[in-house]
Amino acid sequence: MAYDTSPKIKCEDVWKVFGSGSENIIKDWDRYKGMNKVERLEKTGCVVGTQKASFQVSEGEIFCLMGLSGSGKSTLLRCINRLHEPSAGKVFIDNQDITALSDLDLRNVRRQKTGMVFQNFALLPHRNLVNNAALGLEVQGMDKKKRGKKAYEALELVGLKGWEKSYPYELSGGMQQRVGLARALATNPEILLMDEAFSALDPLIKRQMQDEFVKLIKKVKKTIVFVTHDLHEALRIANHIAIMKDGAIVQQGTPAEIVLNPAKGYVEEFVQDLPKTKFITAHDIMQKPDKWVLPIGCTTEELTQKMNENGLRFAFLLDENQRVKKTVDYFNFIATNGFSKSLEDIPQDKRPSYFPTVSVPGNTFLESLLNKAADTKVPLVVTDDQGKIQGIVPRETILTSLQSA
Amino acid sequence: MNFPVRIPLGKWVEVFVNWLTENFSSVFDSIKVVVEFLLVQLDSLFVWVPWPVTLIVLTTIGGLVAGRRVAIITAACLFGLGAMDLWIIGMSTMALVMTAVFISVLFGLPIGILAAKSPKFDMVLKPILDGMQTIPSFVYLIPAIMFFGIGNVPGIIATVIFALPPMVRLTSLGIQQVDHEVTEAGIAFGCTPIQLLLKIQLPLSIPSIMTGVNQTVMMALSMVVVAAMIGAGGLGSKILYSIQRIDLGVGIESGLGILFIAVVLDRILQGLTKKQQDAIMHNK
């Protein structure tokens, strides 16, 4: 299975049309395409939930379906575990065609492979937290002691240790959603389906839950399909985002792709008001370091030549481990004027004065890049964990990426 | 001016009911046997147990399920009943009402569930329920006598017909009102339809179902007097007697007796699910 690169979840041209006569609408889509929702409802009595939506989610990925209310994102999510029966198209989980399963097989998939978290928590108010978290195990027929133990573990995982015997109404919204999460995790499913899981929480709690969720997910390793109307949330949590409008997916990509190259029109508008400095990272805007760097042992002649060729004000000298050792300033360098010698051979007092190197990790957000850039004249060096150079972010690039933003 | 046609509906019904009585007497007889058995067991139990024991037991139950307030109310009501010299006859009424309520719930609950699950069934059922509630209850008495003769059993059957609709309606309403997301959660975690019903839909409709039980108890008690007209015993017959004699004292006392029984039955029945109801209502 090590070479199995097939996706964990795959949706192929999934349609969901509410109302009778859905086949005609799907077959004759060109005729109905131009109409808006109200016209279509009047003409056909049907509402199109999702139209021809296709996407893939690889194992361990956090995939986000993003769109405004009524864009069909929750409908599409529900097509995955057939809470909504797709009108057309296919859904695969581990290459198994979910749309073709019998009721019994479908129940087994729901019991073992998928867990679901709901917008308004959907807890059972008459049960305490253990019995809420144990619901999935209970319907599988696990005996009471065993499922109680697993439910305790799940509650502990989401930070609700000590609350096991409480009832949902005694808890705040954020805590209730933790129970929802514990319930979904208790059966140890490979896939989590999350429907606006944090949308009903107030902003502060929401933020906190998102952070904890990201941490938790790193621990438990799940494939996640996450539905939200909140672009910030999508960008914070997801590896991949699909943006939906009127039931169709209008753009898919990584968060940076969406922010930096939004599809014309709808997505562009969406992304417009975004504080991009919070989402674009050094990694997204850095350039290949080749034109800036030379080995530390190079001669002054080589250095001047390279800097003249590329019109550089600054250059970087690397050691054998690809770490930046020195940052060279052209003006200072010309003044010292020691051609053709290796830099090391220039007497101490004649050496060009070096600037301190400013290096940042690749995941630094534009926001802090701005701060760093303000404090220095030199281009920023992007390094990996070992300090190896990954790329260069010239200060102009920071400004242009702000402008395009 | 004369109406152009006269539809002999009454005749038809008469013929139909006669046909039923002749051809299905064995069915009605067995219904009668079962209902009578239930009633007699309950009645003899309540009448046989000495009043202090009943009072203490019911008070304790009231206290256990619903707290001290209900215990006090229960004790006061039962004491009042005995103090008006209505204990034995009151216990008969209690047995009558409990039998009717038991049968109503027994049928009302599944019918209500079916109505909630099948819109078609609901469509057919609705006018029938409307009819059962609006046609004056006296009208049921005639076929009830024809099918079951005179006495307690036709009284109970007529009571059940009258008391069944709220049970059915409120059960159905309760299930339909269960938060859609919670139902979805049940399905998403792999509930079978039966598990969904037992673990999620029924428990969450308890407040509504118990309102149905409450209504059923109240309607059964109000039917007790009507049923007395065809020979059902208990406080109803006493009230009937007081109407015939215009005896205000007996009427008032018996009426209060019915009220006391209603309070005791309702508080204890509601108390049984109070905790669950509170948790559910709290969450809304």
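Calculation notes
- Residues numbered from 1 in each chain as written.
- Chains lettered and ligands numbered in written order.
- Predicted model: local features only at pLDDT ≥ 70, side-chain atom pairs only at ≥ 80, totals over all residues.
- Heavy atoms only, no water.
- Helix = DSSP H or I, 4+ residues; strand = E, 2+ residues; numbered from the N terminus.
- Buried < 20%, exposed > 50% of the residue type's maximum accessible area, 1.4 Å probe, protein only.
- Contact = heavy atoms within 4.5 Å.
- Areas by Shrake-Rupley, 256 points an atom, 1.4 Å probe, with all protein chains shown as cover.
- Lys, Arg positive; Asp, Glu negative; His and termini not counted.
- Charge placed at Lys NZ, Arg CZ, Asp CG, Glu CD.
- pLDDT = per-residue confidence, 0-100.
- Buried area = accessible area lost by both parts, 1.4 Å probe.
- Salt bridge = Lys/Arg side-chain N within 4 Å of Asp/Glu carboxyl O.
- Polar contact = N/O pair within 3.5 Å; in protein donor to acceptor, adjacent residues only side chain to side chain.
- Phe/Tyr/Trp six-rings, centres within 6.5 Å; stacked < 30°, edge-to-face > 60°.
- Axes fitted to C-alpha atoms, helices over the stretch in contact; angles between N-to-C directions.
- Left-handed = near helix turned anticlockwise from the far one by under 90°.
- Nonpolar A, V, L, I, M, F, W, Y, C, P; charged D, E, K, R; others polar.
- Disulfide = S-S within 2.5 Å.
- Core = buried A, V, L, I, M, F, W, Y, C linked by side-chain atoms within 4.5 Å.
- Pairing = 2+ DSSP bridges.
- Patch = residues over 30% accessible without salt bridge, like charges linked within 9 Å, V, L, I, M, F, W, Y side chains within 5 Å.
- Expected span 1.5 Å × (residues − 1).
- Bend = angle between axes of the 7 residues up to and from the residue.

**Details of the overall build of chain A**
- Per the secondary structure count, chain A includes 18 helices and 16 strands.
- Viewed in the frame of its principal axes, chain A has a C-alpha envelope of about 85 × 60 × 40 Å.
- Looking at chain A as a whole, 52% of its 405 residues qualify as buried.
- Long-range pairs, those at least 24 residues apart, make up 63% of the contacts in chain A between residues at least 6 apart in sequence.
- With the model as given, the accessible surface of chain A reaches about 19,400 Å², and the carbon-plus-sulfur share is 48%.
- Separation between the mean location of the 55 positive side-chain charges and that of the 50 negative ones in chain A comes to 4 Å.

**A few points about the overall build of chain B**
- A count of helical and extended segments in chain B gives 14 helices and zero strands.
- Its C-alpha atoms give chain B principal-axis dimensions of roughly 60 × 60 × 40 Å.
- Across the 284 residues in chain B, those meeting the buried criterion constitute 49%.
- Counting contacts in chain B only where the partners sit at least 6 residues apart, residues at least 24 apart contribute 78% of the total.
- When the 16 basic and 15 acidic side-chain charges of chain B are each reduced to a single mean position, those positions are 5 Å apart.

**Digging into the confidence of the model for chain B**
- Mean pLDDT over chain B stands at 90; residues scoring 70 or higher make up 99%.
- Scoring of the predicted complex yields 0.79 for pTM and 0.78 for ipTM.

**So, the interface of chain A and chain B**
- Across the contact, 29 residues belong to chain A and 22 residues belong to chain B.
- Summed over both partners, the interface of chain A with chain B buries about 2,200 Å², with 64% contributed by carbon and sulfur atoms.
- Our count for the chain A to chain B interface comes out at two salt bridges.
- Salt-bridge contacts for Glu184 of chain B lead to Arg78 of chain A; the nearest nitrogen and oxygen are separated by 2.6 Å.
- At the boundary of chain A with chain B, the tally comes to seven residue pairs in polar contact (both at pLDDT 80 or more).

**Considerations on the packing of aromatic side chains**
- This structure, assessed with the given rule, holds twelve aromatic pairs over all chains.
- Ring centres of Phe198 of chain A and Phe213 of chain A lie 5.6 Å apart, and the angle between their planes is 70 degrees; this geometry places the pair in the edge-to-face category. You can see Phe198 of chain A sitting in the loop between strand E7 (191–195) and helix H10 (203–220) and its partner Phe213 of chain A sitting in helix H10, a full 15 residues away along the chain.
- Given the relative accessible area of 2%, Phe213 of chain A is considered buried.
- Relative to Phe148 of chain B, the ring of Phe28 of chain B lies with its centre 5.6 Å away and its plane at 90 degrees, an arrangement referred to as edge-to-face. Taken as a pair, Phe28 of chain B in helix H2 (residues 25–48) and Phe148 of chain B in helix H7 (residues 137–148) lie far apart in primary sequence, 120 residues in all.

**What about the packing of helix H5 (residues 87–117) of chain B against helix H8 (residues 152–177) of chain B?**
Residues and elements named next belong to chain B.
- One way to put it is that H5 packs onto H8 with a least axis distance of 6 Å and a crossing angle of 35 degrees. In the packing of H5 onto H8, the handedness of the crossing is right-handed.
- Tallied by class, residues from the contact of H5 with H8 come to 17 nonpolar, nine polar and no charged.

**What about the state of the cysteines?**
- Enumeration according to the criterion identifies zero disulfides over all chains in this entry.
- Lacking any disulfide linkage, Cys11 of chain A is separated from the closest cysteine sulfur, that of Cys79 of chain A, by 7.4 Å.

**A closer look at the nonpolar core**
- One finds Ile80 and Met194 of chain A to be the most contacted residues of the largest nonpolar core, which totals 107 residues.
- Counting residues per element, this core draws most heavily on helix H9 (residues 173–186) of chain A, which supplies seven residues.
- Not counting chain neighbours up to four residues away, the residues in contact with Met194 of chain A comprise Leu77, Val117, Leu181, Phe213, Ile224, Val225, Phe226 and Val227 of chain A.
- Counting 54 residues, the second-largest nonpolar core is a separate cluster that includes Phe28, Ile156, Leu235 and Ile239 of chain B.

**A few points about the pattern of salt bridges**
Residues and elements named next belong to chain A.
- Counted by the stated rule, this structure contains 22 salt bridges over all chains.
- Its salt-bridge partner being Arg236, residue Asp211 comes within 2.4 Å of it at the nearest N-O pair. Taken together, the residues span a long stretch of sequence, with Asp211 in helix H10 and Arg236 in helix H11 (residues 231–237) at a distance of 25 residues.
- Because the salt bridges share partners, they merge into one network encompassing Lys8, Asp94, Lys113 and Glu190.

**Brief notes about the sheet that holds strand E14 (residues 359–361) of chain A**
Residues and elements named next belong to chain A.
- Spatially, the three strands line up as an open sheet ordered E14-E15-E16, and their pairing is mixed. Both edges of this open sheet fall to E14 and strand E16 (389–393), since each of them pairs with a single strand only. Shown here is a sheet whose adjacent strand axes are inclined to one another by a mean of 35 degrees, direction ignored.
- Where strand E15 (residues 380–383) and E16 come together, four bridges link them in antiparallel fashion. The partner of Thr383 across the bridge, within E16, is Ile389.

**Looking at a nonpolar patch on the surface**
- A cluster of nonpolar side chains, contributed by Phe3, Val5, Ile7, Leu9, Trp12 and Val13 of chain B, occupies part of the molecular surface with about 690 Å² of accessible area.
- Examined against the element boundaries, Trp12 of chain B turns out to sit in helix H1 (residues 9–23).

**Some details on H5 of chain B**
- The first and last C-alpha atoms of H5 of chain B sit 44 Å apart over 31 residues, in line with the 45 Å expected at 1.5 Å per residue.
- When the local axis directions of H5 of chain B are compared, the greatest deviation, roughly 25 degrees, occurs at Gly108 of chain B, which is followed within four positions by the proline Pro110 of chain B.

**Quick word on the sheet that holds strand E5 (residues 96–97) of chain A**
Residue and element names in this part refer to chain A.
- If you walk across this open sheet you meet the four strands as E2-E1-E4-E5, and the pairing is antiparallel. The strands lining the two open edges of the sheet, one partner per strand, are strand E2 (47–57) and E5.
- In terms of strand pairing, strand E1 (residues 9–18) meets E2 through seven bridges, oriented antiparallel. When the sheet's bridge partners are listed, Lys10 is paired in E2 with Gln56.

**Some words on the pairing of strand E9 (residues 240–245) of chain A**
All names here are of chain A.
- Looking at chain direction, strand E3 (residues 62–66) and E9 are connected through four bridges and run parallel. Each bridged residue has a counterpart across the sheet, and for Cys64 the counterpart in E9 is Ile241.
- In this structure, E9 lies alongside strand E10 (residues 248–253), joined through five bridges in antiparallel fashion. In the sheet register, Ile243 faces E10, and the bridge partner there is Gln251.

**Quick look at unusual backbone geometry**
Residue and element names in this part refer to chain A.
- Unusually for a residue other than glycine, Asp13 sits at a positive phi of about 45 degrees.
- Of note, Asp13 is situated in strand E1.
- By relative accessible area, Asp13 is classed as partly exposed at 35%.
- Its identity as a non-glycine residue notwithstanding, Asp94 has a phi of 50 degrees, on the positive side.

**Brief notes about the side chain of Glu184 of chain B**
- Relative to the elements of secondary structure, Glu184 of chain B occurs in helix H9 (residues 180–188).
- We classify Glu184 of chain B as buried; its relative accessible area is 7%.
- At 2.6 Å, the side chain of Glu184 of chain B and the side chain of Arg78 of chain A are in polar contact.
- Each residue touching Glu184 of chain B, except ones within four places of it in the same chain, is listed here: Arg78, Leu83 and Phe118 of chain A.

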